[in-house]
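Take a look at the letters that make up each chain.
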Amino acid sequence: MPLVIYNTLTRRKEDFSPICSTRVTMYVCGPTVYNRVHIGNARPAVIFDVLFRVLQTLYPRVDYARNITDIDDKIIKASRELNQDISVITERYSRLYIQDMDSLNNLTPTFSPRATDHISEMLDIITDLVKSGFAYFSDGHVLFSVAADSNYGKLSQRLSSELMAGARIDVASYKQNPGDFVLWKPSGPADPGWPSRWGRGRPGWHIECSAMVKKHLGETIDIHGGGQDLLFPHHENENAQSRCIHNGRPLSNFWMHNGFVNLDGEKMSKSLGNFRLVGDLLKKYPGEVLRYAILTAHYRFEQNFGFSVLDAAKNSLNSLYGYLRAAENIKISHSDEVSSCRGVDALLDDLNTPLALSELHRIAKEMHTSRGTKQKRLKTQLMSLSRLMGLLQQKPEAWFKNKIENQVITNDQIEDAINARKEAKFAGDYVTADIIRKRLEKSGVVLEDSRKDTTWRRR
RNA sequence: GGCGCGGUGGCAGAGUGGUUAUGCAGCGGACUGCAACUCCGUUAACGCCGGUUCGAUUCCGACCCGCGCCUCCA
């Protein structure tokens with residue numbers, strides 16, 4: 001079964017085929033680093049990580065770039081408010097972002113380019129655009145001229161003539177057309193800035209991606225991804241800039257957009273203030289739970305994200321790891337080969353992760369009730385499918401016993417309590433034994449008695 | 001005003017023109033000193049109204065409701 005991807009450009013599912021059969025290029029818009037990221041920022045990172053993993057099984061080389069925007073007016077604002085140098089802020093939050101993404105089991109992208117490392121590349125593009133008449137200089141700004149680009153609006157299906165209707169566009173006096181957007185803007189003496197032929201200034205929002213895509217991946221790439229909210233204006237503008245300096249060749253053949261994460265039925269966003277930070281959630285839940293929860297919904301649609309979703313995700317993982325724990329001594333040979341099965345096919349069908357997850361459960365359950373070669377085969381299948389999704393990759397023992405930040409009781413304390421209970425049980429003192437178990441349960445520890453001994457897990 | 005998405009059982013969430021996933025939660029039973037784990041069984045849904053059809057949750061049309069983009073935003 002071929003990989004099928006829903007392409008925003010054509011509003012259809014299409015068979016995926018890369019420009020070069022041996023190398024796939026993918027670029028995903030990362031965060032602006034001025035504070036901690038919320039779970040909505042984590043969604044594209046997880047989704048495209050799954051795609052990255054899937055592509056790696058299909059093609060010999062996959063170049064995946066996920067950028068970090070480290071120059072932006074919001075960062076400048078944060079720098080003023082905190083009275084800290086801008087680089088201190090961007091360094092801190094880049095590091096935390098990468099840390100958060102790592103704890104969600106995301107693989108490290110091939111490239112993690114930063115905007116400020118690409119100023120000269122941006123200026124080159126701007127120079128090109130001005131030279132070829134797609135951009136103009138006005139009152140210290142360099143602006144892209146929407147009217148000069150006949151294909152403008154195609155990606156987001158918006159006619160530039162209709163942009164006026166909402167009357168929500170910043171109609172600045174230096175713009176020839178309200179839809180024109182800034183490529184380069186002047187910086188005050190206190191603002192960060194770089195010298196240019198248009199004076200000391202800094203880049204507009206969209207130009208960085210055009211520059212980084214071109215430098216690391218090429219003129220036209222295979223897949224460009226990001227959140228739904230980036231479709232317009234960000235991706236439309238990126239695409240316009242790149243197309244215009246490349247004789248009409250597109251920035252990307254496939255455009256993918258993930259839906260939002262909602263909280264109480266409303267879009268989670270920093271401007272609304274209704275967000276859950278990944279870092280905060282990680283104090284209560286293992287990263288794998290966040291990842292599982294993200295994968296329970298299809299990426300194109302919006303997803304509700306409350307604690308009940310996380311609790312359910314955790315219980316589901318408990319069940320899967322429980323099966324794996326029971327099958328721990330079944331040896332399987334690790335192989336990168338991924339054979340076709342319903343779960344893999346689900347992923348190949350525009351990343352139907354909810355369906356793939358249901359397969360995980362089906363396989364795990366069947367594995368549990370099988371024996372011999374069948375069981376071995378099913379475990380192999382389970383492990384390779386889950387690896388494609390970045391799940392179930394730790395030892396069951398670690399899953400059940402590793403402490404997360406908010407848990408206080410130590411493994412030693414648990415073991416001691418279990419020993420005490422064992423003595424009580426041996427003496428027939430079930431009252432004491434039950435008190436100990438209840439006390440442990442209050443600390444989030446569940447005991448499981450078997451014939452031989454007592455094992456435990458954190459709830 | 002323009003463009004777009006969605007409404008499925010208690011919750012989450014796939015999918016399909018007829019046999020109605022899956023997970024979590026619930027319920028009944030087995031196992032257990034009691035539990036937990038596991039096993040067996042089980043309840044329960046397709047916003048509303050028309051149309052097409054032998055048959056629609058699935059296709060078509062209208063309607064209602066919710067959400068998003070058009071300004072920074074994953």
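Residues numbered from 1 in each chain as written. Chains lettered and ligands numbered in written order. Predicted model: local features only at pLDDT ≥ 70, side-chain atom pairs only at ≥ 80, totals over all residues. Heavy atoms only, no water.

Undergrad: Quick question: what am I supposed to make of the packing of aromatic side chains here?
TA: According to the stated counting rule, one finds seven aromatic pairs in the structure shown. Pairing Phe144 with Phe181 gives two aromatic rings, centres 4.9 Å apart and planes at 15°, and the pair type is stacked. Here Phe144, found in strand S6 (residues 141–144), pairs with Phe181, found in strand S7 (residues 181–186); they are 37 residues apart in sequence, far enough to count as distant. Each member of the pair, Phe144 as well as Phe181, is classed as buried. An aromatic cluster is built from Phe16, Tyr59 and Phe254, whose rings are joined through pairwise contacts. Its guanidinium or amino end placed over the ring of Trp198, Arg197 lies 5.7 Å from that ring's centre, counting from NZ or CZ. Between the NZ or CZ atom of Lys284 and the centre of the ring of Phe307, over which it lies, the distance is 4.6 Å. (Phe/Tyr/Trp six-rings, centres within 6.5 Å; stacked < 30°, edge-to-face > 60°. Helix = DSSP H or I, 4+ residues; strand = E, 2+ residues; numbered from the N terminus. Buried < 20%, exposed > 50% of the residue type's maximum accessible area, 1.4 Å probe, protein only. Lys NZ or Arg CZ within 6 Å of the ring centre and 35° of its normal.)

Undergrad: So what exactly am I meant to see when it comes to helix H4 (residues 119–131) here?
TA: In an α-helix there are 3.6 residues to a turn, and that puts residues three or four apart on one side. The first and last C-alpha atoms of H4 sit 18 Å apart over 13 residues, in line with the 18 Å expected at 1.5 Å per residue. Among the residues of H4, those classed as buried are Ile119, Met122, Leu123, Ile125, Ile126, Thr127 and Leu129. The inward-facing, buried residues of H4 abut strand S5 (135–138), S6, S7, strand S8 (201–203), helix H5 (207–216) and helix H6 (231–245). Remark: Gly133 follows H4 within two positions and exhibits a positive phi of approximately 85°. (Expected span 1.5 Å × (residues − 1). Contact = heavy atoms within 4.5 Å.)

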